[in-house]
Each structure stands twice: as structure tokens, then as C-alpha cells.
Amino acid sequence: MVANFGLPSLLAQAQQVVSNAQVAAMVEALRQAAPQTGTSDDGLYSQWQVKPETLKAWSKYCLKRELTPIQFENSPVTARSVVSCITRRELNNQFRATSNNETKAVYGVACWWMTGNYIGCDRGFTAAYVQKVVAFYQQQRAIPVEAPSASPTVSPR
């Protein structure tokens, strides 16, 4: 009988899912770093400044139905839900691609968010944007997550 102790750890790595805290930090970092054009009709929607063709594909993927730009813009809860769904998908992909290197994964997602590519954001505007996202992400991750309050335990009599 041959035992393979490496296989379970490889399977665990391949199936790793990012935590809710990591997704929330990334979503908030993307929101904080979103370019502000100063124009209300700039063709970008929500606090994340998403293009209409992008949000249609994302909403179809996440909600199984397409949203209009106005629906996306007018519902911050729905917008955050869609952005969180896409962010989770992309973070998972990048964690796998970077052998679970959190900083590289965040860099890859930020670059993808701006350009559609995971690499190539090492100069100019995109480099500055990616660095902002990484910095905001690190700030968010440094904030302690509150544990759910424990309910008082009642012992049986």
C-alpha cells in the first residue's frame, strides 16, 4: 500500500476559496480607488465606475439576468453584490495563479479590473491605480473583523 501525503494538501490548495474578509477588502479597495472623472454622465456606473457592457456581462454571470446601467447605478446593494461576486471569482483565480500569494493576487485583480489583463500594469496610470488598490486593500485587511457576539449560554436544569 502506497500513501500519498502530498495529494490532500494539493487538493486543498486547488480548492481554496478566498475569505469573505478578503473579498470585502478587495471590493472596498476597488471602490476607493475608482477613478473620479468629475463628470456625472461619463458613461461609468456606480461607486465602482463600471462600463455598461461590463456590468451586463457581470450581472448575467452573478444574478443570471442582465441589469441595465440605471438599475446598477440606482441600487448600491445590488451593485455591491455583483462586484463582490466578480471579485470573489477573480480573487480565487488569482490566488490559484499566484500559488496563494495574496499581494500578487490583489495586484492581478486590480490590473484585470482596469485593463482586462492580469499583467502589464507596471507603468503610467494603470500602475498608479493598481498601487492605490493594493494600498487600500492592505488598509482594509488591517482593520480587525468583529467576531459575532456570543449568545449567553443557558444551562439545562
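Now for a description of the structure that goes with this document. (Residues numbered from 1 in each chain as written. Predicted model: local features only at pLDDT ≥ 70, side-chain atom pairs only at ≥ 80, totals over all residues. Heavy atoms only, no water.)

A look at the environment of Ser 19
Relative to the helices and strands, Ser 19 resides in the loop between α1 (6-15) and α2 (20-33). Its relative accessible area of 30% is what places Ser 19 among the partly exposed residues. When the C-alpha positions of Ser 19 and Arg 88 are compared, they lie 8.7 Å apart, and in sequence the two are 69 residues distant. Setting aside its immediate chain neighbours within four residues, Ser 19 contacts Arg 88 and Arg 141. (Helix = DSSP H or I, 4+ residues; strand = E, 2+ residues; numbered from the N terminus. Buried < 20%, exposed > 50% of the residue type's maximum accessible area, 1.4 Å probe, protein only. Contact = heavy atoms within 4.5 Å.)

Observations regarding the packing of aromatic side chains
Per the stated rule, a full pass over the model turns up four aromatic pairs. Between Trp 112 and Trp 113 the ring centres are 6.4 Å apart and the planes differ by 65°, which places this aromatic pair in the edge-to-face class. No difference in accessibility class separates Trp 112 from Trp 113, as the two residues are buried. When its relative accessible area of 14% is taken as the criterion, Trp 112 is described as buried. (Phe/Tyr/Trp six-rings, centres within 6.5 Å; stacked < 30°, edge-to-face > 60°.)

Brief notes about the nonpolar core
Counting residues in hydrophobic clusters, the biggest one holds 34 residues, and the most contacted among them are Met 26, Trp 48, Phe 72, Leu 91, Trp 113 and Val 133. For this core, the secondary-structure elements that each account for two or more residues are α2, α3 (52-63), α5 (76-97), α6 (102-115) and α7 (124-142). If near-sequence neighbours (up to four positions away) are discounted, Phe 72 is found in contact with Tyr 45, Ser 46, Val 50, Leu 55, Leu 67, Ala 79, Val 82 and Val 83. (Core = buried A, V, L, I, M, F, W, Y, C linked by side-chain atoms within 4.5 Å.)

Some thoughts on the packing of α5 against α6
One way to put it is that α5 packs onto α6 with a least axis distance of 9 Å and a crossing angle of 130°. Classified by the interaxial angle, the pair formed by α5 and α6 is oblique. By crossing handedness, the relation of α5 to α6 is classed as right-handed. Facing Val 83, Ile 86, Thr 87, Arg 89, Glu 90, Leu 91, Gln 94 and Phe 95 of α5, the residues of α6 in contact are Glu 102, Lys 104, Ala 105, Val 106, Gly 108, Val 109, Trp 112 and Trp 113. A breakdown of the residues in the contact of α5 with α6 according to their chemical character gives nine nonpolar, three polar and four charged. (Axes fitted to C-alpha atoms, helices over the stretch in contact; angles between N-to-C directions. Parallel < 35°, antiparallel > 145°, perpendicular 65-115°, else oblique. Left-handed = near helix turned anticlockwise from the far one by under 90°. Nonpolar A, V, L, I, M, F, W, Y, C, P; charged D, E, K, R; others polar.)

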